[in-house]
Amino acid sequence: MEIDRETEERIEQPASEEAERETRLTPKQAVAEMKINVPVRGNRKLRRLLERVNDDPQLKGWWHAANVNAVARMRINDHSWVHIQIVANIALKLLRQLTKRHVEPSVVGDYGYEADDAEVVVLLGALTHCIGMAVHR
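Along each chain, numbering runs from 1 in the same order as the chain's sequence is written. The predicted nature of this model means local features are confined to residues of pLDDT at least 70 and side-chain atom pairs, given and counted, to a pLDDT of 80 or more, with totals for whole chains, interfaces and linings taken over all residues. Heavy atoms from the whole structure form the basis of all side-chain values; hydrogens and water molecules are not counted.

A. The arrangement of the packing of helix α4 (residues 44-54) against helix α8 (residues 115-128) in detail. Axis definition: a line fitted to C-alpha atoms, limited for helices to the stretch in contact. Angles are taken between N-to-C directions and run from 0 to 180 degrees. Every helix listed is a DSSP run of H or I at least four residues long, and every strand listed is a run of E at least two residues long, numbered separately from the N terminus. The N-to-C vectors of α4 and α8 enclose an angle of 25°; their axes lie 9 Å apart at closest approach. Judged on the interaxial angle alone, α8 and α4 are roughly parallel. Mapping the contact onto sequence places Lys-45, Leu-46, Leu-49, Leu-50 and Val-53 in α4 and Asp-116, Asp-117, Glu-119, Val-120, Leu-123, Leu-124 and Leu-127 in α8. By the convention adopted, Pro, Cys, Tyr, Trp, Phe, Met, Ile, Leu, Val and Ala count as nonpolar, Lys, Arg, Asp and Glu as charged, and the other residues, Gly among them, as polar. Residue composition of the contact of α4 with α8, grouped by class: 8 nonpolar, no polar and 4 charged. An angle below 35 degrees is read as roughly parallel, one above 145 as roughly antiparallel, one from 65 to 115 as roughly perpendicular, and any other as oblique. Contacts between residues were defined by any pair of non-hydrogen atoms, one from each residue, lying within 4.5 Å.

Laid out in structure tokens, this is it:
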């Protein structure tokens, strides 16, 4: 499949060898290798979410399908679970830097949730941001 010029111009870097290798795994093999790690820093809600995510073959299957569509079919950059983990770590780091400087997350200020809940919301957003790629870009 040829990619259009606009998409080609948006590609920042080609997919890694690891991302390409993962696209050749069966879904069962790919899911077995996936484990998301982020620093939970005593946040029990975040720790429980990570446990549930790492035990969820459906979510991991979506990550695998997203990567196959992105790398093998559309020939664009990595959308594997490794990409998801990188985004999750960056998102949590940004949230923590902002809250350290007294920026209140909207789920805290507008909806009365706790700071621990804000980390859960940010992690969920990071973990699911590529799910649509499992269907199509």
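That was the structure; now back to the text.
B. Just the side chain of Asp-117, in detail. Examined against the element boundaries, Asp-117 turns out to sit in helix α8. Partly exposed describes any residue whose relative accessible area lies between the buried limit of under 20% and the exposed limit of over 50%, with all areas from a 1.4 Å probe on protein chains only and scaled to the type maximum. For Asp-117, a relative accessible area of 15% corresponds to the buried category. As used in this structure description, the phrase polar contact means that two N or O atoms lie within 3.5 Å; if the pair is within protein, one of them must be able to donate a hydrogen and the other to accept it, and residues adjacent in sequence are counted only when both atoms belong to side chains. At 2.9 Å, the side chain of Asp-117 forms a polar contact with the backbone nitrogen of Glu-114.

C. Quick peek at unusual backbone geometry. Even without being a glycine, Arg-41 presents a positive backbone phi close to 50°. Mapping Arg-41 onto the fold places it in the loop between α3 (27-33) and α4. The exposure class of Arg-41 is exposed, given its relative accessible area of 66%.

D. Representation of the environment of Ile-84 in the model. Along the polypeptide, Ile-84 turns up in helix α6 (residues 81-100). Sequence-wise, Ile-84 and Thr-128 are 44 residues apart; in three dimensions their C-alpha atoms are separated by 8.1 Å. When near neighbours in sequence (up to four residues on either side) are disregarded, Ile-84 contacts Ile-36, Trp-63, Ala-126, Leu-127, His-129 and Cys-130.

E. Quick peek at helix α5 (residues 57-73). To estimate how far a helix should reach, multiply one less than its number of residues by 1.5 Å. Helix length check: α5 (17 residues) gives 22 Å between terminal C-alpha atoms against 24 Å at 1.5 Å per residue, within 8%. Residues of α5 that are buried sit in contact with α2 (17-23), α3, α4, α6 and α8. The backbone nitrogen of Gln-58 lies 2.9 Å from a side-chain oxygen of the residue at the head of α5, namely Asp-56. A positive phi of about 60° marks Arg-75, the residue just after α5.

F. Representation of the nonpolar core. For this analysis, a nonpolar core means a set of buried residues of the types Ala, Val, Leu, Ile, Met, Phe, Trp, Tyr and Cys, connected via side-chain atoms within 4.5 Å. Membership of the largest hydrophobic core comes to 23 residues, with the highest contact counts inside it found for Ile-36, Val-38, Val-53, Trp-63, Leu-123 and Leu-127. Looking at this core, the elements that each hand over two or more residues are α4, α5, α6 and α8. With 5 residues, α6 is the largest single contributor of residues to this core. Beyond its immediate chain neighbours, meaning those up to four positions away, Leu-123 contacts Val-38, Leu-46, Leu-49, Leu-50, Ala-88 and Leu-92. Core analysis: the next-biggest nonpolar cluster, separate from the first, contains 5 residues, Ala-70, Met-74, Ile-76 and Met-133 among them.

G. Representation of the confidence of the model for the chain within the structure. Each residue gets a pLDDT score, which is the predictor's confidence in that residue and runs from 0 to 100. Mean pLDDT over the chain works out to 89, with 89% of the residues at or above the 70 mark. Confidence, read as mean pLDDT per element, is least for helix α1 (residues 5-10) in the chain (62) and greatest for α4 (98).

H. Region of the structure containing the packing of α6 against α8. Contact geometry of α6 with α8 gives a least axis separation of 8 Å together with a crossing angle of 150°. Taken together, α6 and α8 sit at an angle that is classed as roughly antiparallel. In the packing of α6 onto α8, the handedness of the crossing is right-handed. Listed contacts from α8 to Ile-84, Val-87, Ala-88, Ala-91, Leu-92, Leu-95 and Arg-96 of α6 are Ala-118, Glu-119, Val-122, Leu-123, Ala-126 and Leu-127. Helix crossings are classified by the rotation of the near helix relative to the far one: an anticlockwise turn of less than a right angle makes the crossing left-handed, while a clockwise turn makes it right-handed.

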